Amino acid sequence: MSRLIIKSIIIMAAIFSAACVSNVSTSTGKEELGETLAALVQEAIDGSFGSVPGVTLSIKSRGKDVDAAIGIGYDSKKKENELSIDQPFRIASITKTFVAVSILRLHEMDSLSVTDPISKYISKDHQEILISDEYDLSAITILHCLQHISGLFDYAVGTKYKDKVLGNPDKRWTRTEQLQGAVDWGDKLGDPGDVYEYSDTGYILLGEIIEYFFDGDLAAGIRTLVDFENLGLAHTWLESLEDKPIGMKDPVHCYFGREDVIDFDPSLDLYGGGGLMSTTGDLVKFVDGIFNGEIFDSEETLNLMLTKPDMNEPVGEQRDNKREYRCGIVGMPLYGKEIFAHSGIWDVYVLHDPTTNTSIATNFTNRHRYRMIKKVVKTIDQLPDVNSAL
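Definitions and cut-offs
Residues numbered from 1 in each chain as written. Predicted model: local features only at pLDDT ≥ 70, side-chain atom pairs only at ≥ 80, totals over all residues. Heavy atoms only, no water. Helix = DSSP H or I, 4+ residues; strand = E, 2+ residues; numbered from the N terminus. Rg over C-alpha atoms; globule rule 2.2 N^0.38 Å. Buried < 20%, exposed > 50% of the residue type's maximum accessible area, 1.4 Å probe, protein only. Contact = heavy atoms within 4.5 Å. Pairing = 2+ DSSP bridges. Salt bridge = Lys/Arg side-chain N within 4 Å of Asp/Glu carboxyl O. Patch = residues over 30% accessible without salt bridge, like charges linked within 9 Å, V, L, I, M, F, W, Y side chains within 5 Å. Areas by Shrake-Rupley, 256 points an atom, 1.4 Å probe, with all protein chains shown as cover. Core = buried A, V, L, I, M, F, W, Y, C linked by side-chain atoms within 4.5 Å. Arc of directions from axis to C-beta. Polar contact = N/O pair within 3.5 Å; in protein donor to acceptor, adjacent residues only side chain to side chain. Phe/Tyr/Trp six-rings, centres within 6.5 Å; stacked < 30°, edge-to-face > 60°. Lys NZ or Arg CZ within 6 Å of the ring centre and 35° of its normal. pLDDT = per-residue confidence, 0-100. Lys, Arg positive; Asp, Glu negative; His and termini not counted.

A. The overall build of the chain, seen in detail. If you tally the helices and strands in the chain, you get 13 helices and 13 strands. Whereas a compact globule of 390 residues would reach a radius of gyration of roughly 21 Å, the chain reaches 21 Å, a difference of no more than 12%. C-alpha atoms of the chain, sized along the principal axes, occupy 65 × 45 × 40 Å. In the chain, buried positions account for 57% of the 390 residues. Taking the contacts inside the chain whose residues are at least 6 apart along the sequence as the reference set, 72% of them involve residues at least 24 apart.

B. Spotlight on helix H7 (residues 175–184). Of the residues making up H7, those classed as buried are Arg175, Gln178, Leu179, Gly181, Ala182 and Val183. Elements in contact with the buried residues of H7: helix H4 (124–131), helix H6 (159–167), helix H8 (200–212) and helix H9 (218–226).

C. View of the pairing of strand S3 (residues 66–73). Counting buried residues in S3 gives seven out of eight residues, a clear majority hidden from the surface. Relative to S3, strand S2 (residues 54–61) runs antiparallel, the two being bridged by eight bridges. Opposite lysine 60, over in S3, you have aspartate 67 as the bridge partner. Hairpin connection of S2 to S3: four residues between the antiparallel strands, including aspartate 65 at a positive phi of 55°.

D. Looking closely at the pattern of salt bridges. Applying the stated criterion across every chain yields a total of 22 salt bridges. Here lysine 337 makes a salt bridge to aspartate 381, at a shortest N to O gap of 2.7 Å. Placement of the pair is lysine 337 in strand S11 (residues 337–344) and aspartate 381 in helix H13 (residues 370–381), with a sequence separation of 44 residues. Of the residues examined, lysine 337 reaches a relative accessible area of 14% and is grouped as buried.

E. Main features of a nonpolar patch on the surface. Residues Leu166, Phe256 and Ile345 make up a contiguous nonpolar surface patch of roughly 240 Å² in combined accessible area. Here isoleucine 345 shows up in the loop between S11 and strand S12 (348–353). The class for isoleucine 345 is partly exposed, based on a relative accessible area of 47%.

F. Representation of the nonpolar core. If you look at the biggest cluster of nonpolar residues, it comprises 114 residues, and the most contacted ones within it are Phe98, Ile103, Ile142, Leu146, Val226 and Phe286. Among the elements that make up this core, the one with the highest residue count is helix H2 (residues 33–46) (eight residues).

G. Highlighting H9. The set of residues buried in H9 consists of Leu218, Ala219, Gly221, Ile222, Leu225 and Val226. Taken end-on, H9 shows its buried residues confined to a sector of 165°, consistent with a single buried face. On its buried face, H9 is in contact with helix H3 (95–108), H7, H8, helix H10 (228–231), strand S5 (237–238) and helix H11 (280–291). Where H9 begins, the side chain of aspartate 217 points an oxygen toward the backbone nitrogen of alanine 219, at a separation of 3.3 Å. Just beyond H9, the residue with positive phi is aspartate 227, at close to 65°.

H. Structural view of the packing of aromatic side chains. For the coordinates displayed, the defined rule picks out 12 aromatic pairs. Look at tyrosine 161 and tryptophan 173: their rings are 4.8 Å apart centre to centre, the planes differ by 65°, and that puts the pair in the edge-to-face class. Here the residue tyrosine 161 occupies a position in helix H6, and tryptophan 173 occupies one in the loop between H6 and H7, the gap between them amounting to 12 residues. The rings of Tyr155, Tyr161, Trp173 and Trp185 are connected pair by pair, giving a single aromatic cluster. Over the ring of tyrosine 255 we find lysine 77, and its NZ or CZ is 4.5 Å from the ring centre. A cation over a ring is seen here: lysine 171 above tryptophan 173, with NZ or CZ 4.9 Å from the ring centre.

I. Region of the structure containing the confidence of the model for the chain. Averaged over all residues, the pLDDT of the chain is 91; the fraction at 70 or higher stands at 91%. Confidence drops under a pLDDT of 50 for residues 1–21, and excluding neighbours within four residues, the segment shows 51 contacts in the predicted structure.

J. How the structure looks around the side chain of aspartate 133. With respect to the helices, strands and loops of the structure, aspartate 133 is situated in the loop between H4 and helix H5 (142–146). Of the side chains with opposite charge, lysine 188 comes closest to the buried, unpaired aspartate 133, at an N-O distance of 8.4 Å. Not counting the four nearest positions on each side in its chain, aspartate 133 is found in contact with Ala182, Val183, Gly186, Asp187 and Lys188.

K. Broad picture of the sheet that holds strand S4 (residues 89–90). Spatial strand order, S4-S8-S5: three strands in an open sheet with antiparallel pairing. Each edge of the open sheet is held by one strand with a lone partner, namely S4 and S5. Summarising the sheet, S4 and strand S8 (residues 276–278) pair through two bridges and their orientation is antiparallel. Looking at the pairing, arginine 90 lines up with methionine 277 of S8.

Below is the structure:
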């Protein structure tokens, strides 16, 4: 069967206003897939009561032989510019998945071990900051940071960091200032392995560990270890730490509450916890590459990435009994199976469904709609498998 490719469908809301879709069916054939996906995206926009001006969506399914890209709506709440499928956006915490993959590549190359203490690779200044708050850096390992079980307080949580960022959007933050914030604004959460708590602090330290092997150049480290060139990630870069690719469009706007933060200095979320710009097309290539042997040399490395955290004591499946953070990715149930996913604060979402070998990436111009993502998964699910298709 030939591959279905929907290069880019730009459909203005007005086209659908005469017949506003309220409950789009996920049952569709391969021939109608493009129209169904466009209708699902439009349904999410229409059902947001104006809070979602636009959506981009990319899908690659090896099990269903689908390669699709949809872009509908606008790139800001002002609704002045039509959204383009190849328009970049800040991917925020999905950068953590890139960082985790980079660290795991160093692990499989024997450059480091994920069981190494972080003190082996971070600067003396940063060690002193953390030791001042009674962190035992010989006990905190790289794996603890990857899985958010290091006990490190998250500098980005609460109002102190947020208020400072909103009060001075042009400030150029440093990793050192953010680490100092983790010490000044909160206490150690526990010993390594005691408690799960999502922490940007751990990931900016992982960013520093990558820099240890690349002469302080985080951008070069991620680009090399993930192998952007091999995956064809031509629209992905670490904002302000490397040059924007030639010919890139202006980015999609992103919002914190009602505040448009696209012109805020990117250092607010840059050094490993966030920082990458990308497109849904590039993100799908990246996620697909993780699960199909295009990044890791060994399947054992992928298994390590997906391993559940080894906690000192049971913690009720990490709060909600459903989701578990692995290494830069979350394992979670959906329709009776386990999928792997990650989100970013600027309304970005990626997931991989191993049962159909499907990777999905989506970006919402303000406020993501998880219901749409679930319906897209269900739509792909019911298509015939490659081997059974005639």
